[in-house]
Structure formats: C-alpha cells, structure tokens
Amino acid sequence: EMASTSRPSVSASAMSYLLLVMVRDYHEKGEAGRAQLETMGAQLGARLAERYTKDRARFTTHTEVVLWTCKEFWQETFGKRVDNLKTNNRGVYVLTDVAFEWMSGLRPFGGDTEETSWALMMGYAESYGSFAGGVVRGALESLGLRCAVIAEPTCGAVTSGAEEFKPLGCKFTVRLAAGLGFGGVA
Amino acid sequence: RERARAARAATMAARSTRVGGRNPELAGQAAWVATEKVNAELFTLTYGALVRQVLHDCEDRVFEANKKLDEMGHAMGCRLIEDFLAKTNARKCLSFKESAETVALVGFKMFLNLECSLENWNDDETRCDVRFEHLDPFVAFVEVPDRYKSGDDEQSKLKYCQVLCGAARGALESVGVRTECHFVKDALVGDPSEGFVMRLEFTENVEDEYPFED
C-alpha cells in the first residue's frame, strides 16, 4: 500500500480508471486535446506540490526543487521515485522512469497488424505523457521554477511472440527558463 | 505478509457474495481491504482538474458539462465492471434490489471507500435512494463557485459528482440493467446539512447481448 493508513485512500483502480477515461476523451481531440491534457496536468501538479510542501521549509536552490520532485513528489504522485536523473548543469534536467506507473495498463491494441497496434498504443501513451508532463511542469512552476517539460513515452524494442510485455517507461525533459530568481543561485 | 492478508480478504469477499445469506457490506469491506490503494488527495485533485477543464471546454454551459461528466462516468462504469466481477466473484443478481446493493455497498465501497445506505424503496423495489455518509474522494475541500449553484432550474446547477452516477449506470448497463441515476440531494450546491443522496431507478432490462464494451 502506498498511502499511509492514517490518510484517506481510494483504490488504485479508481485512480487508474479516472486517468484512462480522461486521457482517452482528450486523446480523441488530437493536438488540441493534448494541450488541454497538459493544462489539466499543470493545474493538478501545482495543487499537489502545494499540498505536499505545506509544512516544509522553503527551497533555496533549483537543485533542491528538482531533487524533491524526483523523490517525494514522484513517490506521492507516481508511486515510486524517479529511476534516473541527469543534468547538463545549464538548466536542462532529464528524469527517466523505466516503468511509468500511469502507463502501466497500456498494451498494444486495435490495429490489424502488430505494428499498428503498437502505434495506437504509443499514441495513447503520448497523451498520457502530455498529462504527466503538465503535472511535472505545474509542480516545478509552483515551486518557483519556470520551465518547459516534454514527456516522451519509451518502450523496449517491438518484439513479436509471447515474450512478456515490458511496461512503458517515460522520459521527462525539463528546460528551465532563462534568468530565474532564487537569489542568483543556480 | 501484505499479499497473504490481501489474498485472505479476497477469499472472504468471494465467499460472502457466493454463500447463501448475502452480506454485501461484508463483501464490500473485504474487497476494500484487499485492494491496492493510493492517496485520496491525488484522486480528488485530479477529478477537480477534470471538472474545471470540462467547464472550460463547455464554455460554462453547465448543462453540457453535466452531460459530459455523466458520459465519462458511464465509460468508467463499463470499463471497471470486468475488474469488479473478477475481484468479488459476485453471482448474478436476482433482483434490482440485489443489483443496487451490489453497486452501492460493494462497488462504491471497494473502489472509493464510500459508506452508504439504501433507503426509501418504492413498493415494487424498482427505485431507491442511496444516502452517502460522505463523498470526500470527490468533494473534499471543494467549493463550487456561486455561478454554478444559482438559478431556479436544476439543470443550471453543476452536478459535480455526476461521474459517480454515470459509473453506476454504466456498470449496471454492462450487466443488463438500464437505470436512471442522479443526485436528489447535493450538499455542494444545495443545503449542506442534507448531505448527498443519489436516486437510482430501474428502467428496463437490456436485451440479451454481449454485455461488455470492447
């Protein structure tokens, strides 16, 4: 169980079905839908970050914010810590999840061939990515880091046959806007 | 450990719906204990973001937004029915009353930890009220702006929790029962002291057809 017993919970299924129907609905609208998913995500991310940092001392560096996001925020929101964090030390961070919880139910579906089924699945995954990318952006921005976030779903090579399906991962590229505050500390 | 406890609870859930002397409350409780959980706040805030976006998409046309929320709920209900049947090993319901109890006392409990009671049944047991102790997963810390609460017309009021009605309707439809479902008491837009009461009414049986959506 992720949630502590003292805090109200809902079933993971309920959350999963809510996400599924939301993403599916807006996915149908193409690019406009992705933008709307990103917006919803940003609102959600901002509110979550506010809640999670309520009783916490203020952050003083960008790095602190990013590290907190990779650990506490990711754990509360996506069920685990980020698997990998890289930076070029010039305002770009890459956060990678090898298996992304919110996409864990996605499977190839619907196409006439294996390729088209995978393509359909990846299309959905990108919409999940738009939403999740928004969540990350909203969280970071509410903590003082103006940024752009691109989320790219990742999958293992397409394999045919009965090999066990590997859940989708997700790579988040965060670009901090130039000239940020934080008292000049990078 | 955790898995063994969950497995025992799942067995309890399966038994209590199967064996004679149905006890849906027990089945609901057991299924809730057995299920994997997440922080309710995550659900509440995600749902809030959705409602806000839907209102924006509908340009504040509340009637449309309510319909959209109902449709989304319906889609959820159709999808989760297989999950539900698998987890609870529920047997076929022999009456609308049993169906209603299964949705409210088992379904709402195991997915959302909602406590409710069914009351105010009509004589032929085709209509009842579902009274909720609370709807916190949807409404905790939510305040509906006045512009969505006003107007004499019920249709101009935001039906914030309509997703739940849609879900009940979708799930029941998936097992062959068409219903009408809406809140008759909604503390968010009406009198807070009256709480949340959902009216559930049988309309007709669905013709025998493959019950599950693709």
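The model shown is predicted, which means the values in this text are computed figures rather than measured ones. (Residues numbered from 1 in each chain as written. Chains lettered and ligands numbered in written order. Predicted model: local features only at pLDDT ≥ 70, side-chain atom pairs only at ≥ 80, totals over all residues. Heavy atoms only, no water.)

Let us now look at the overall build of chain A. Check the secondary structure of chain A and you find 4 helices and 5 strands. Ordered by position from N to C terminus, the α and β elements of chain A give β-α-α-α-β-β-α-β-β. When the 186 residues of chain A are sorted by exposure, 47% land in the buried category. With an accessible surface of roughly 9,200 Å², chain A has 50% of that area assigned to carbon and sulfur atoms. (Helix = DSSP H or I, 4+ residues; strand = E, 2+ residues; numbered from the N terminus. Buried < 20%, exposed > 50% of the residue type's maximum accessible area, 1.4 Å probe, protein only. Areas by Shrake-Rupley, 256 points an atom, 1.4 Å probe, with all protein chains shown as cover.)

Here we take up the confidence of the model for chain B. One rule of thumb: low pLDDT means the predicted coordinates there are not for detailed reading. Residues and elements named next belong to chain B. Per-residue confidence for chain B gives a mean pLDDT of 89, with 90% of residues at or over 70. Least confident of the elements in chain B is helix α1 (residues 2-18), whose mean pLDDT is 63; most confident is strand β3 (residues 127-132), at 97. Note on residues 17-21: pLDDT under 50 across the span, and 8 contacts to partners over four residues away in sequence or across chains. In the predicted complex, the global pTM is 0.87; the interface-specific ipTM is 0.87. (pLDDT = per-residue confidence, 0-100. Contact = heavy atoms within 4.5 Å.)

Glancing now at unusual backbone geometry. Residue and element names in this part refer to chain B. Even without glycine at this site, E125 takes up a positive phi of about 55 degrees. Mapped onto the secondary structure, E125 falls in the loop between β2 (116-119) and β3. Located in the positive-phi region is F141, a residue other than glycine, with phi close to 65 degrees. Looking at the element boundaries, F141 is found in the loop between α6 (136-139) and α7 (162-174). In this structure F141 comes out as exposed when scored by relative accessible area, which is 73%.

Residue and element names in this part refer to chain B. Taking 1.5 Å per residue as the helical rise, α7 with its 13 residues ought to reach 18 Å, and the 18 Å between its terminal C-alpha atoms agrees with that figure. Within α7, 12 of the 13 residues are buried, which leaves the element mostly enclosed by the surrounding structure. Looking only at α7, the buried set comprises Q162, V163, L164, C165, G166, A167, A168, R169, G170, A171, L172 and S174. (Expected span 1.5 Å × (residues − 1).)

Next up on the list: the nonpolar core. The biggest cluster of nonpolar side chains holds 117 residues, and the ones touching the most others in it are F73, W102 and F172 of chain A together with F108, F132, Y160 and L164 of chain B. No other element matches helix α4 (residues 114-142) of chain A, which puts 12 residues into this core. In contact with L164 of chain B, not counting residues within four places along its chain, are F108, L112, L114, F132, L135, F138, F183 and M198 of chain B. (Core = buried A, V, L, I, M, F, W, Y, C linked by side-chain atoms within 4.5 Å.)

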